[in-house]
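Next come the chains, spelled out residue by residue.
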Amino acid sequence: QVQLVESGGGLVQAGGSLRLSCAASGRTFSRYHMGWFRQAPGKEREFVATITWTGGTTYYADSVKGRFTISRDNAKNTVYLQMNSLKPEDTAVYYCAAAAGLTIGTISRSADYAYWGQGTQVTVSS
């Protein structure tokens with residue numbers, strides 16, 4: 001079992017940057033693919049990025065490609081989301097999630113991630 005705790009959210013002006021962290025408990029962190037999702041008020045939760053358990057492959061939603069970078073440090077049981085060139089439409093609660101197995105077809109499906117953090121709020125002002 002994996003427990004996830006996000007941090008690093010906050011209020012930032014458009015064009016600014018934030019780095020989110022997600023600390024995981026459990027000795028099997030390195031066996032999980034890790035993802036970031038977000039949910040804006042009145043909208044469904046959407047996929048942001050995923051990194052495979054080795055850290056060798058990353059996937060991004062088109063809306064964040066080129067601006068966000070996902071990374072992980074298995075020695076620290078932590079996954080990161082570096083967010084640059086933030087836009088007001090990036091405002092949302094950001095969640096990290098862990099999945100034991102994913103395919104190309106399921107990377108962006110929240111239902112395939114078994115463990116979730118409580119979320120951290122990111123607000124981008126215009």
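Structure's up top.
Reading the values: the criteria
For every chain, the first residue of the written sequence is number 1, and numbering continues from 1 onward in sequence order. In keeping with the predicted nature of the model, local features appear solely for residues at pLDDT of at least 70, side-chain atom pairs appear and are counted solely at 80 or more, and the whole-chain, interface and lining totals rest on all residues. In computing side-chain properties, one takes all heavy atoms of the structure into account and sets aside hydrogens as well as water. When DSSP finds two or more bridges between two strands, those strands count as paired. Each helix corresponds to a stretch of at least 4 residues labelled H or I by DSSP, and each strand to a stretch of at least 2 residues labelled E; elements are numbered beginning at the N terminus. Orientation is described by axes fitted as lines to C-alpha atoms, over the contacting stretch for helices, and by angles from 0 to 180 degrees between their N-to-C directions. We call a set of buried residues a nonpolar core when its members are Ala, Val, Leu, Ile, Met, Phe, Trp, Tyr or Cys and they connect through side-chain atoms within 4.5 Å of each other. Relative accessibility decides the category of a residue: with a 1.4 Å probe and only protein chains considered, values under 20% of the type maximum give buried, values over 50% give exposed, and everything between is partly exposed. Only heavy atoms enter the contact rule, under which two residues are in contact if any of them lie within 4.5 Å.

Trainee: Could you clarify how one ought to interpret the sheet that holds strand β3 (residues 18-25) in this entry?
Mentor: The pairing of strands in a sheet happens through backbone hydrogen bonds and is either parallel or antiparallel. Ordered in space as β1-β3-β8-β7, the four strands form an open sheet in which the pairing is antiparallel. Each edge of the open sheet is held by one strand with a lone partner, namely β1 (3-7) and β7 (68-73). Going across the sheet, the axis of each strand differs from the next one's by a mean of 15°, ignoring polarity. Here β1 pairs with β3 via five bridges, running antiparallel. Pairing of Q3 across the sheet is with S25, part of β3.

Trainee: Help me understand the nonpolar core, please; the structure alone is not making it clear to me.
Mentor: Most often, soluble globular proteins have nonpolar side chains that are buried together. In this structure, M34, W36, L81, M83 and Y94 are the most contacted members of the largest nonpolar core, which totals 37 residues. Looking at this core, the elements with two or more residues in it are β3, β4 (33-39), β5 (46-51), β7, β8 (78-83), β9 (92-99) and β11 (120-125). Ranked by residue count, the leading element in this core is β9, at six residues. Among residues more than four places away in sequence, those in contact with L81 are L18, R19, L20, W36, V48, A49, F68, T69, I70 and Y94.

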